[in-house]
Amino acid sequence: MRFLITAVPTREPIDPVRYLSNRSSGKMGYALAEAALADGHAVTLVSGPVAISPPPEASLVSVETAREMYDAVAAHLPGVDVAIFCAAVADYRVASVAGEKIKKAEEELDLRLVKNPDILGSARTVFGFGGLLVGFAAETHDLARHALDKLRRKQCDLLVANDVSRREIGFDRDDNEVTLFFPDGTREELPRASKRSLADLLIARIVALPKQETQEMGRQDGPPAA
Ligand code: PMT
């Protein structure tokens, strides 16, 4: 099958030397790409900037900001069978990026932020994606409630939720522990494991999911312009 995987944080510039971002290391998303490749699938990896190396067999699409990631996903979704959105996308960007380095003249500095496009949320509704859609949820509280809300609102076939308030798993750790939420209301808790082992389990669950009836239609139509 053909996979598209988004991974790592986006960076949202403030001025030529500073940016807003988050603690994502890319380990979970890159482990998923490695596991999908090891299972014999083709992988397009849409990745923000990160210190670790992507698997060489993946087709890498490098982006920096959420809007660049949105455009890259829109361009590469046609023909994809499985899309996994593991990236920690910045929900907001700076409204007006300074052209020159901001000098520290004032005691306080206000930055006005505006919302970024929801890439996963656009997969079905804007891009017309008809393949298997897998989202992640990074939560610090009420994990099940927020995960179920994202599963339904973003029309996913599977939602992978992790508790990022725990220091031993989640952001920038080698291990993770996730709960899987399915559209029929069932859920499955996977025990703590290395991200690479967990990725093998996730790919096995994903390829066993019932295929979407609309998959062929999504492939033919392709995404409308963003
Ligand atoms: O990279 P690591 O250090 O290995 O850490 C792994 C991880 C914690 C980043 C990963 O396991 C994870 O939880 N990824 C999702 C992070 C996230 O942004 O979750 P969210 O609950 O804020 O977003 C929900 C979903 O919508 C995600 O699939 C996200 O990719 C997607 N999204 C969010 C905002 C946006 N503007 N566009 C999106 O596509």
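Rules used in this analysis
Residues numbered from 1 in each chain as written. Predicted model: local features only at pLDDT ≥ 70, side-chain atom pairs only at ≥ 80, totals over all residues. Heavy atoms only, no water. Helix = DSSP H or I, 4+ residues; strand = E, 2+ residues; numbered from the N terminus. Rg over C-alpha atoms; globule rule 2.2 N^0.38 Å. Contact = heavy atoms within 4.5 Å. Areas by Shrake-Rupley, 256 points an atom, 1.4 Å probe, with all protein chains shown as cover. Lys, Arg positive; Asp, Glu negative; His and termini not counted. Charge placed at Lys NZ, Arg CZ, Asp CG, Glu CD. Patch = residues over 30% accessible without salt bridge, like charges linked within 9 Å, V, L, I, M, F, W, Y side chains within 5 Å. Salt bridge = Lys/Arg side-chain N within 4 Å of Asp/Glu carboxyl O. Buried < 20%, exposed > 50% of the residue type's maximum accessible area, 1.4 Å probe, protein only. Core = buried A, V, L, I, M, F, W, Y, C linked by side-chain atoms within 4.5 Å. Near = heavy atom within 4 Å. Polar contact = N/O pair within 3.5 Å; in protein donor to acceptor, adjacent residues only side chain to side chain. Nonpolar A, V, L, I, M, F, W, Y, C, P; charged D, E, K, R; others polar. Pairing = 2+ DSSP bridges. Axes fitted to C-alpha atoms, helices over the stretch in contact; angles between N-to-C directions.

1. Some thoughts on the overall build of the protein chain
At step 1: Regarding its fold elements, the protein chain presents six helices and 14 strands.
At step 2: A globule of 226 residues ought to have a C-alpha radius of gyration of about 17 Å, and the protein chain, at 18 Å, matches this closely.
At step 3: Projecting the C-alpha coordinates of the protein chain onto the three principal axes gives extents of approximately 60 × 40 × 35 Å.
At step 4: Considering only residue pairs separated by 6 or more positions, the protein chain has 61% of its internal contacts joining residues 24 or more positions apart.
At step 5: For the protein chain, the accessible area works out to roughly 11500 Å², and carbon and sulfur atoms hold 48% of it.
At step 6: For the protein chain, the distance from the average position of its 28 positive side-chain charges to the average position of its 33 negative side-chain charges is 2 Å.

2. Section: a nonpolar patch on the surface
At step 1: Taken together, the side chains of Y92, L109, L111 and L113 present a nonpolar region at the surface, about 380 Å² in accessible area.
At step 2: Following the sequence through the fold, L111 ends up in the loop between β7 (92-94) and β8 (113-115).
At step 3: With relative accessibility at 36%, the residue L111 sits in the partly exposed group.

3. Observations regarding the nonpolar core
At step 1: Judged by nonpolar contacts, the single largest core of 33 residues is most densely connected at L32, V43, I84 and L202.
At step 2: Elements supplying a minimum of two residues to this core: β1 (2-7), α1 (27-38), β4 (42-47), β6 (82-85), β9 (132-139), β10 (158-163), β12 (178-181) and α5 (195-207).
At step 3: Counting residues per element, this core draws most heavily on α1, at eight residues.
At step 4: Leaving out residues up to four positions away in the same chain, I84 has contacts with F3, L4, I5, T6, L32, V134, F136, I203 and I206.
At step 5: Ranked by size, the runner-up nonpolar core spans 28 residues in total, among them L4, V61, Y70 and L159.

4. Description of the site of the ligand
At step 1: In the vicinity of the ligand, 28 residues are found, and the nearest of them are S25, A87, K150, N162 and D172.
At step 2: One of the side-chain nitrogen or oxygen atoms of N162 is found 2.6 Å away from an oxygen atom of the ligand.
At step 3: Taken by itself the ligand offers 770 Å² of open surface, and the protein chains cover 95% of this.
At step 4: By residue number, the principal contributor to the shell around the ligand is β9, which donates four residues.
At step 5: The residue inventory of the shell around the ligand, partitioned by class, reads 14 nonpolar, seven polar and seven charged.

5. Some details on the environment of H146
At step 1: Among the secondary structure elements, H146 is positioned in helix α4 (residues 143-153).
At step 2: Looking at H146, the relative accessible area reads 22%, which means it is partly exposed.
At step 3: When the C-alpha atoms of H146 and A161 are compared, they prove to be 9.0 Å apart, with 15 residues separating the residues in sequence.
At step 4: Setting aside residues no more than four positions away along its own chain, H146 makes contact with E139 and H141.

6. Structural notes on the pairing of β12
Note on strand geometry: in a regular strand, side chains alternate between the two faces of the sheet.
At step 1: Residues V178 and L180 of β12 are buried on one face, and the alternating residues T179 and F181, pointing to the opposite face, are buried as well.
At step 2: By the bridge criterion, four bridges tie β10 to β12 in an arrangement that is antiparallel. Bridge pairing in β12 links N162 to V178.
At step 3: Strand direction decides the pairing type here: β12 and strand β13 (residues 187-189), joined by three bridges, are antiparallel. In the sheet register, L180 faces β13, and the bridge partner there is E188.
At step 4: Between β12 and β13, which pair antiparallel in sequence order, lie five residues; one of them, G185, sits at a positive phi of approximately 95 degrees.

7. Overview of the sheet that holds β12
At step 1: Spatially, β5-β4-β1-β6-β9-β10-β12-β13 is the arrangement adopted by the eight strands of the open sheet, whose pairing is mixed. The open sheet terminates on both sides in strands that have one partner only, identified here as β5 (59-62) and β13. Going from strand to strand, the sheet's axes swing by 15 degrees on average, the running direction of each strand aside.
At step 2: Docked against the sheet, α1 engages β1, β4, β6 and β9, running at close to 165 degrees with respect to β4.
At step 3: The strands touched by helix α2 (residues 66-76) are β1, β4, β5 and β6; relative to β1, the strand with the most contacts, the crossing angle is about 180 degrees.

8. A closer look at a negative patch on the surface
At step 1: A grouping of E106, E107, E108 and D110 is seen on the molecular surface, where their side chains present a negatively charged patch.
At step 2: Within the secondary structure, E108 sits in the loop between β7 and β8.

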